[in-house]
Each structure stands twice: as structure tokens, then as C-alpha cells.
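Structural description and commentary
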Amino acid sequence: MVGAGVVGLSAARALREDGFEVTVYEKDRVGSRLGSSPGRSRIYRRSYRHTDYVRLARRAIEEWKRLDPGVLRNTGLLEYGSGVELHAAALDACGEPYRWLEPAEASALFPEARFDEPVLYDEEAGAVMADEALRALARGLDVREGHLVADPRELEADVICACPGSWLGPMFGLPLSPRIEQVVYFAGAPETRPSLIDHGGPGRRLHYGLIAPGIGYKVGEDAAQPDLWDPDREDRPIHPGLVERLVEDVRVKLPGLDPRPVHAEACLYTMSPDGDFILDRIDNVIVFGGDSGHAFKFAPLLGRLIADLASGRPLPPEADRFRADRLSAASA
Ligand SMILES: Cc1cc2nc3c(=O)[nH]c(=O)nc-3n(C[C@H](O)[C@H](O)[C@H](O)COP(=O)(O)OP(=O)(O)OC[C@H]3O[C@@H](n4cnc5c(N)ncnc54)[C@H](O)[C@@H]3O)c2cc1C
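What you see is a predicted model, and the numbers here were worked out from it, not measured in a lab. (Residues numbered from 1 in each chain as written. Predicted model: local features only at pLDDT ≥ 70, side-chain atom pairs only at ≥ 80, totals over all residues. Heavy atoms only, no water.)

Lining the immediate environment of the ligand, one finds 36 residues, of which Glu 26, Ser 37, Ile 43, Cys 267 and Asp 291 sit closest. The contact in question runs from a nitrogen atom of the ligand to an N or O atom on the backbone of Lys 27, over 3.0 Å. In the environment of the ligand, an oxygen atom lies 3.2 Å from a nitrogen or oxygen atom belonging to the backbone of Phe 296. For the ligand, whose unbound accessible area comes to 1000 Å², protein coverage reaches 97%. Contributing elements (two or more residues each) for the shell around the ligand: helix H1 (6–17), strand E1 (23–26), strand E2 (41–44), strand E10 (177–187) and strand E14 (258–271). Per-element accounting of the shell around the ligand gives the leading share, 3 residues, to E14. (Near = heavy atom within 4 Å. Polar contact = N/O pair within 3.5 Å; in protein donor to acceptor, adjacent residues only side chain to side chain. Areas by Shrake-Rupley, 256 points an atom, 1.4 Å probe, with all protein chains shown as cover. Helix = DSSP H or I, 4+ residues; strand = E, 2+ residues; numbered from the N terminus.)

A complete count under the given rule lists 12 aromatic pairs for this structure. With a centroid separation of 5.3 Å and 80° between ring planes, the pair formed by Phe 110 and Tyr 217 is classed as edge-to-face. Highlighted residues: Phe 110 in the loop between helix H4 (103–109) and strand E6 (119–122) and Tyr 217 in strand E13 (residues 216–221), separated in sequence by 107 residues. Measuring from centroid to centroid gives 5.7 Å for Phe 277 and Phe 298, while their planes differ by 65°, and the two rings are edge-to-face. With a gap of 21 residues between them, Phe 277 in the loop between E14 and strand E15 (278–282) and Phe 298 in the loop between strand E16 (285–289) and helix H8 (299–310) connect regions that are remote in the sequence. Of the two residues examined, Phe 277 and Phe 298, each falls in the buried class. Here a set of aromatic residues connected by ring pairs shows up, and it is made of Tyr 48, Tyr 53, Phe 277, Phe 288, Phe 298 and Phe 322. Over the aromatic face of Trp 167 sits the side chain of Lys 27, whose NZ or CZ is 3.9 Å from the ring centroid. Arg 153 extends its terminal NZ or CZ atom over the ring of Phe 172, reaching a point 4.3 Å from the ring centre. (Phe/Tyr/Trp six-rings, centres within 6.5 Å; stacked < 30°, edge-to-face > 60°. Buried < 20%, exposed > 50% of the residue type's maximum accessible area, 1.4 Å probe, protein only. Lys NZ or Arg CZ within 6 Å of the ring centre and 35° of its normal.)

Axis separation between helix H2 (residues 51–67) and helix H3 (residues 84–93) bottoms out at 9 Å; the angle between their running directions is 60°. The angle between the axes of H2 and H3 places the two elements in the oblique class. Where H2 crosses over H3, the two elements pack in a sense that is right-handed. Contacts between H2 and H3 involve Thr 51, Val 54 and Arg 55 on the former and, on the latter, Ala 90, Leu 91 and Ala 93. Residue classes in the contact of H2 with H3 are distributed as 4 nonpolar, 1 polar and 1 charged. (Axes fitted to C-alpha atoms, helices over the stretch in contact; angles between N-to-C directions. Parallel < 35°, antiparallel > 145°, perpendicular 65-115°, else oblique. Left-handed = near helix turned anticlockwise from the far one by under 90°. Contact = heavy atoms within 4.5 Å. Nonpolar A, V, L, I, M, F, W, Y, C, P; charged D, E, K, R; others polar.)

Structurally, Val 143 can be placed in strand E8 (residues 142–145). Linking Val 143 and Thr 23, residues 120 residues apart in sequence, is a C-alpha distance of 6.1 Å. Setting aside its immediate chain neighbours within four residues, Val 143 contacts Ala 4, Leu 9, Val 24, Glu 26 and Val 30.

For the protein, the assigned domains are domain 1 (1–40 + 129–173 + 274–332) and domain 2 (73–126 + 177–271). Taking only C-alpha atoms, the centre of domain 1 and the centre of domain 2 are 26 Å apart. For the pair domain 1 and domain 2, the summed buried area comes to about 1400 Å², and 50% of that belongs to carbon and sulfur atoms. Per-residue buried area on domain 1 facing domain 2 is highest for Leu 34, Arg 40 and Ser 166; these three make up 36% of the total on that side. One can count 1 salt bridge joining domain 1 with domain 2. For the pair domain 1 and domain 2, the interface holds 9 residue pairs in polar contact (both at pLDDT 80 or more). (Domains from an automatic or database assignment. Buried area = accessible area lost by both parts, 1.4 Å probe. Salt bridge = Lys/Arg side-chain N within 4 Å of Asp/Glu carboxyl O.)

Here the focus is the side chain of His 294. Its location among the elements puts His 294 in the loop between E16 and H8. For His 294, a relative accessible area of 11% translates into the label buried.

Where burial is concerned, the two faces of strand E11 (residues 195–198) agree: the one with Ser 195 and Ile 197 and the one with Leu 196 and Asp 198 are both buried. Examined bridge by bridge, strand E4 (residues 77–80) and E11 share 4 bridges and lie parallel to one another. Along E11, the bridge assignment pairs Glu 79 with Ile 197. The sheet contact formed by E11 and strand E12 (residues 207–212) spans 3 bridges and is antiparallel. Within the sheet, the bridge partner assigned to Leu 196 lies in E12 and is Gly 209. (Pairing = 2+ DSSP bridges.)

See below:
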């Protein structure tokens, strides 16, 4: 296995459950700050625009609970903004329960936040403790930190898997775009507050928020820095202008929080052209990448699917959208 991020570790764990002897090569260390999986927390949810993701998210939550229910904080998710009704339609189509809340009802769940439109409430959602999840996944695995694999194809093993995050594109000639994503933490929200997704609208990007116990309430503006980022750069700089923009946003949307940032950090998204993941076999290597900023919640299930592919078991129809050849078809 190449890569000890959340997906590589999940796949290594599933392969080991299937009886494989697994070695994980990681060029840095588990939870590398240069990758996409570091930090305290990530949103998990069932609510998605497409039924494939709703079904996969449901299975992923069960996989997290099977791994360690303690890594999930079931705080719920409050979601609003442009297109949220499409999420409701997908949940309906999959028979997944949710509720519509009036702004006052949403405020009762999150008094520090301001709501001025109907809110979709996904009760079976919240925050997964990212650092604890990485530790739980790595427990008992043979992880070789500080071991860079130049070309996974050259590894000698019955099964070779590569989950190298932002480094997958150049490794397999895939059209992937690493970019830097920044988040800021604010004080003032109890650690039971729901996760938030504001899908924005005309002139307003998607914003999200979630608890990060021991640090504060984590807030981000999705895709605020669309430029390509070279993952080999050792720095992950904080953009002061973006911090200011989030502070202004918190003053308006989360007026009950203290608008003075307590911490800020940046890590990498690896965008695929259509926002869907890549999970496929290329040159006899099983690869995962193109996380597009939303793979953490799916990781233990993605690990299971990678192990299934390794053993020649069929993948669920929902995984068809992750085929690599869709990209060459799209660019043809
Ligand atoms: C700010 C931010 C907020 C996010 N919020 C959410 C959220 O709320 N919910 C959600 O579901 N997702 C979220 N995500 C996305 C999620 O974190 C990623 O999708 C996920 O972490 C991807 O994991 P990975 O294992 O694919 O990649 P990484 O974690 O990047 O793992 C790849 C590993 O491979 C190693 N590697 C690379 N090349 C080599 C090589 N040649 N040899 C050896 N090792 C190598 C790297 O060092 C790295 O450790 C967020 C991401 C960011 C950046």
C-alpha cells in the first residue's frame, strides 16, 4: 500500500481483514500535514445531491461504527442555501429520513448561528474526529513512515494499491488538480453544536462549519483558492485576506461566536474534473484519488471497496462513477 492517509490506512485495514499481509509505505508520517487528512475533525453526512453518494454515505457510517463508534460525534447537520432541495430529493429517493426546520427551530439547535431560510436537518450526521480516526485505523498495521515509493508499479507484491492523495495525478497521468484549502477556528460554540453547510447562492461560495473539540468551531469557505498548488512544496501558508473574509462571515452568520480567530490551518484538496473520486485498477495497481475535498467521511467504505477490487469481488453500482476511464472519455 502506498500512502498512509485516511484512505490508504482504511484500505490496508480491510485488506488485512481479508487475510492479506499488508505493508504501508508512507513518504512522511501518518496524518502528514502535507497531505489531505491532518487536523482534528471532518464533517460526515448522508445528505448529498446524488443518490449514489447518499447510499455510499449510509454504508460508510456503518463502517465507521464498526471500526470505532467513538470517532463519530453525532451532532447532526444543518444545511441550507442554493440546491439544498436536491439533497432532500436524493434522501427521499433513498428512503433516508431528515427534517425541514424553520429558522427558529434551527436556532434552537444552534443559538450562536443565524438562519433566515428553511434548513434541512440531517440528524444522522456530525463530525468525525480525524486525528483519532487515523490512530484507530493505523493501530496494528505495518506502516513504514519516511519511505517514498517512486513508482508503485515496481513494488513486488500479490496486490499493489496506491492512495497517494495529491501525488496520484503525476504518478498515473491523471487530470487531477491539487489546491490548498484553508480553515479558521473560533471560540464560543459548545462541542455539541451541529455541523453546518451553507450552499451559498449567487455570488456566495459554499461555507461549512463543524466542531473541533479542544480547539474551537472550525469554519471554511470551499474553493476559496482555486489556483493549482504544487504538493511537493513544503509550506501550506495561511492567506490573511481569507482569514479576514471568514471573520466577516462569522460576524454575520455565526454572531454568537467570538470573531477573533483562535487557530488557522491549510491542507490539500485534489480536485477531479467532475468532483467524483477515482477508484479503479490502472496498470495492475489499484488506485484511489481525486478526493475533491469530500472523501474522509467515506474512507472506511472506500477501503473496503479497494479490498474487494483486490480480491476480484464486484463493486456496488454506485462505484461506477469512480471509474478512471470516464475521464479519458470526457476529454476525448
Ligand atoms: C481543509 C479541508 C477540509 C475538509 N473537510 C472535509 C469534510 O468535512 N468531510 C470530508 O469527508 N472530507 C473533507 N476533506 C477531504 C478529506 O480530508 C480528504 O478527502 C481525505 O483526507 C483524502 O485522504 P487520502 O488518504 O486520499 O489522501 P492523504 O491524506 O493526502 O494521503 C495520501 C498519503 O500518501 C502519501 N504519499 C504520497 N505519495 C507517496 C509516495 N510516492 N510514497 C509514499 N507515500 C506517498 C502522502 O504523504 C500522504 O500521507 C477536507 C479536506 C481539507 C483539506
